[in-house]
Structure formats: structure tokens, C-alpha cells
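Each chain, letter by letter, is given below.
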Amino acid sequence: MSSENSSADDEQRVWDVVVVGAGPAGASAAYAAAVAGRSVLLLEKAELPRYKTCGGGIIGPSRDALPPGFELPLQDRVHAVTFSLDGKFTRTRRSKQMLFGLINRPEFDQQLVEHAQKAGAELRTGVTVSRVEQHGSAVPDRRTVAVVLQGGEAVLARAVVGADGSASRIGAHVGVKLDQVDLGLEAEIPVPETVAEDWQGRVLIDWGPMPGSYGWVFPKGDTLTVGVISARGEGAATKRYLEDFIARLGLAGFEPSISSGHLTRCRADDSPLSRGRVLVCGDAAGLLEPWTREGISFALRSGRLAGEWAVRIAEAHDAVDTRRQALNYAFAIKARLGVEMAVGKSMLAAFERRPGMLHAAITSFRPAWRAFAGITRGSTTLGELVRSHPMAGRALSALDRRSAVAAPTVAESTPTTE
């Protein structure tokens, strides 16, 4: 356990903001609150650095949400994407500009935490939160929240940010409701230099055999991160997809250094983002893009907003002001991330019904490829595309309506460059 304060000191002290979870969302929240000059305690149950099941793709919105001066620990820079439809109709699209970067989560998360610490946040690792109390004997007054740890210790705060992942205890306290749950399986596969060179600068995205599923290969030096994701409830089929995917790629002979699984959870539209002086962000709030299940950019952006509004809640002197600030936080989340999530839901629905049409569009229709490239680079978002290009919104609606029509034939093609 790392801490500059003893447990006894924490019991006596009331922190301005306590953040639970030291992933990208929690570290961003801690950084934002600490930069504002508030006392911040960041709690993490694991010892850092620790592994997380995650492809590790850093798209433009993620890069733009990083703290000033943050240097990404990139393992590779992606300039090409190979698309396939369940192993068939393969086509590679290339870009002269970098599309996105690839990182290992242990290093990335550790650096984010270090930036929060440099801003003034204090870190305690190896501690597990059992519950949050906003009333009762552990709470000295109405402006205080008690974060109760395993063993009974109570850490007091004026505001709490829950960033403790998709199985969040803080999310349960707030009452987060879920609309979509998916299972991701992943293998970290060390490969020889000759194999690694073939993948350098290029990723693979395979639209999978189950509705809404897809697989990926992300190169990171001498290791390939290979994963698949599909709806929960298809565990056996998802495992079989990963095994077939690895075999099809010619990687079955290499022993994975890590094999892991993870559930991603997407919030319902009416799911709460706060309760009293407690806010949730990132996976704990069910904030991610429903189609690709991309979560890092949502974690970074929502974490920063949560940290900023936690400062305001910490300063609130009564329940009315607290409620006002919590509502403002919810409004900011929905205004900045809600449109992207709504479009992502429509994209997922269309993709589940007509993956062949999506594959044909992105590999053969130049505006679709440019849209994909713009989103990954950060020059636009799904929401901005629909707002600024009415044709894109109409096409998405038409695709959804015509789901019963058979998808067009997709031909094998040669690589192209944009």
C-alpha cells in the first residue's frame, strides 16, 4: 500500500474529493480536482501497474483529453487497417497520416496516475471499497460522504467520484442501469521478429460471425494483442470465435503470455450519473461507444468532467446546491458524450443486421473510409458526422429500415491509400 497518510490520519481528515479507481477515468478525475487546488485521495484496490483487458487503441478524442505534457507510451503508430468479413473479402486501407496509436494499459494507466500525483493527488493502493454511506453513524454531517473500506475504515470526503470499473460498487450505490453488456476475450501473443514486422503499423478488424461481434489484432512491438467481442450470453461461441480467429491468422502455434476476459457495460439512456455527493464516470457509469465498445476516450473525457464537478459539489453547502451541480454534471456528460453514444447504438443495430453492407461501405466507399479515418484521428466524432452531414444521418436511418434486404456482394480488393 502506498500512501503519505496513515489510516488514522485518513479517519480524522475530510478530503475535498475521494476518487475510487485508478484507471483512465479515475486518474483523470483526480487530476482535474487536484489541478483545481483541492485535496484529493485516489483509491485503487490493485498494486500499480496492473494489467487490464483492453485493445489499447488511443484515438484522437483520447489523445485530446490527456493532461498537458502527457507523453503517450506508444508501442506502434497505425497507418493502415485491414478489414475482413468473418475472414473473407479482405481489404486494406492506408493513410499517409497516423490514424491512431497503440499502448499497453499498465504503462498508460501508471503515467496517468503519476500526472494526478504531480498535480497534488495522493494515492492509496491495495485497498478495497466495500460501500459508500451518505447517512448514518459513519457520516458526521450532511456535507460529508463516508467511503467504507474492507476492514471497516471510513475515509471521509465532501465529494466522491466512482471510477471503479464495469462491476462498480459506486455505480451500484448510484443505481446505474445497463442497456447492453458484452463479453470481450483477449490474448497477448508474443511473436518472432519476422511476424511482428509484418504487422508493424497495421491493425486488423474482422467483422465476426455473431450479430454485433468483431475481432481485432493490435501490434505492440514483439507482441500482438488479439481479441474478440460479442454480446454476453454467447460465451462458448465467443471463445470459439477467438480460437478460430487466432488459428486463421496462423498464430495458433504461439503461446499467449496473457489470456483474459472482461465484460463491458453500456448505460441505459435514463441511468443516473449521481446520487447526492457521489458521481460516477467511465465504465462505472456505463459510458462507452456501444458499437465499437471503445471506452478509453469516454473514460478520459467523463473522468475530467467528474473531477471538475466534484470540486463544485465539494464546495456546495446544502442539498439544493449539491443537486444543481450534479444535474449540471449529467447535462455536460449527455451534451458531450450522449450524442456519440446514441449514434453508436444506431450503428450497432445496423451492423448487427447488415455487417456486409458496413464492410462494403468502409472498404469501397471513399466517404465512409474518410469518416472512419476522421473519427480515429479525432478530427470528427460520430455525433459531429450526423450533425454536420445530414446525408450520413439519413443513410444510417435507411440502413436500419432496410435491414431485411440482403447485403450486397463484397469482392476481394487490393490495398488503397488515402
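The structure this text deals with has already been given above.
Since the structure is predicted, the reported quantities are computational estimates derived from the model, not experimental observations. (Residues numbered from 1 in each chain as written. Predicted model: local features only at pLDDT ≥ 70, side-chain atom pairs only at ≥ 80, totals over all residues. Heavy atoms only, no water.)

### A few points about the nonpolar core
In this structure, V18, F108, V147 and Y329 are the most contacted members of the largest nonpolar core, which totals 71 residues. A per-element tally of this core places helix 8 (residues 296-315) first, with 11 residues. Not counting residues up to four positions away in its chain, the partners in contact with V147 are V18, V20, L43, V129, R131, E153, A154, V155 and V160. (Core = buried A, V, L, I, M, F, W, Y, C linked by side-chain atoms within 4.5 Å. Buried < 20%, exposed > 50% of the residue type's maximum accessible area, 1.4 Å probe, protein only. Helix = DSSP H or I, 4+ residues; strand = E, 2+ residues; numbered from the N terminus. Contact = heavy atoms within 4.5 Å.)

### So, the layout of surface pockets
Approximately 280 Å³ is the volume attributed to the second largest pocket. Q134, H135, R142, G276 and A319 are the residues nearest the centre of the second largest pocket, which is lined by 14 residues in total. Its residues assigned to classes, the lining of the second largest pocket comprises 2 nonpolar, 7 polar and 5 charged. (1 Å grid on protein atoms, 1.4 Å probe; cavity = no way out; pocket = protein on both sides within 12 Å on 5 of 7 lines; lining within 4 Å. Points joined across faces, edges and corners; volume = space filled by probe spheres on them. Nonpolar A, V, L, I, M, F, W, Y, C, P; charged D, E, K, R; others polar.)

### Notes on the pattern of salt bridges
One pass over the full model with this rule turns up 18 salt bridges. The residue D109 makes a salt bridge to R50 at a minimum N-O spacing of 2.7 Å. Separated by 59 residues along the polypeptide, D109 in helix 4 (residues 105-118) and R50 in the loop between strand 2 (40-44) and strand 3 (57-58) bring together distant segments of the chain. Across the pair, R50 and D109 agree in class, each one buried. Between D269 and K345 there is a salt bridge, with the nearest N and O atoms lying 3.1 Å from each other. Of this pair, D269 sits in the loop between strand 16 (258-267) and strand 17 (274-275) while K345 sits in helix 9 (residues 319-353); the two residues are 76 residues apart in sequence, bridging distant segments of the chain. For D269, a relative accessible area of 60% translates into the label exposed. Overlapping salt bridges, with partners in common, bring together E44, R50, R105 and D109 in one network. (Salt bridge = Lys/Arg side-chain N within 4 Å of Asp/Glu carboxyl O.)

### Digging into the packing of aromatic side chains
In total, this model carries 12 aromatic pairs according to the counting rule given. Between W207 and F351, the aromatic rings sit 5.1 Å apart at their centres with planes inclined by 65°, giving edge-to-face as the arrangement. Taken together, the residues span a long stretch of sequence, with W207 in strand 13 (residues 202-207) and F351 in helix 9 at a distance of 144 residues. W207 sits in the buried class, given a relative accessible area of 4%. With a centroid separation of 5.9 Å and an interplanar angle of 40°, the aromatic rings of Y241 and F245 are classed as tilted. On the criterion of helical spacing, the pair formed by Y241 and F245 is a turn pair, its members being 4 residues apart in helix 7 (residues 235-248). Taken together, the ring pairs in this structure connect F83, W207, Y214, W216, W291, F351, W369 and F372 into an aromatic cluster. One residue, R13, lies across the ring of W15, its end atom 3.8 Å from the ring centre. (Phe/Tyr/Trp six-rings, centres within 6.5 Å; stacked < 30°, edge-to-face > 60°. Lys NZ or Arg CZ within 6 Å of the ring centre and 35° of its normal.)

### As for unusual backbone geometry
The step from L48 to P49 runs through a cis peptide bond, and the omega angle for that step is -5°. Examined against the element boundaries, P49 turns out to sit in the loop between strand 2 and strand 3. Positive phi outside glycine occurs at D86, with the angle close to 50°. By the element assignment, D86 lies in the loop between strand 5 (80-85) and strand 6 (88-94). Look at D86 and you get partly exposed, because its relative accessible area is 28%. Positioned with a positive phi, R293 is a non-glycine residue whose angle comes to about 60°. One can find R293 in the loop between strand 18 (278-280) and helix 8. Overall, the relative accessible area of 9% leaves R293 in the buried class.

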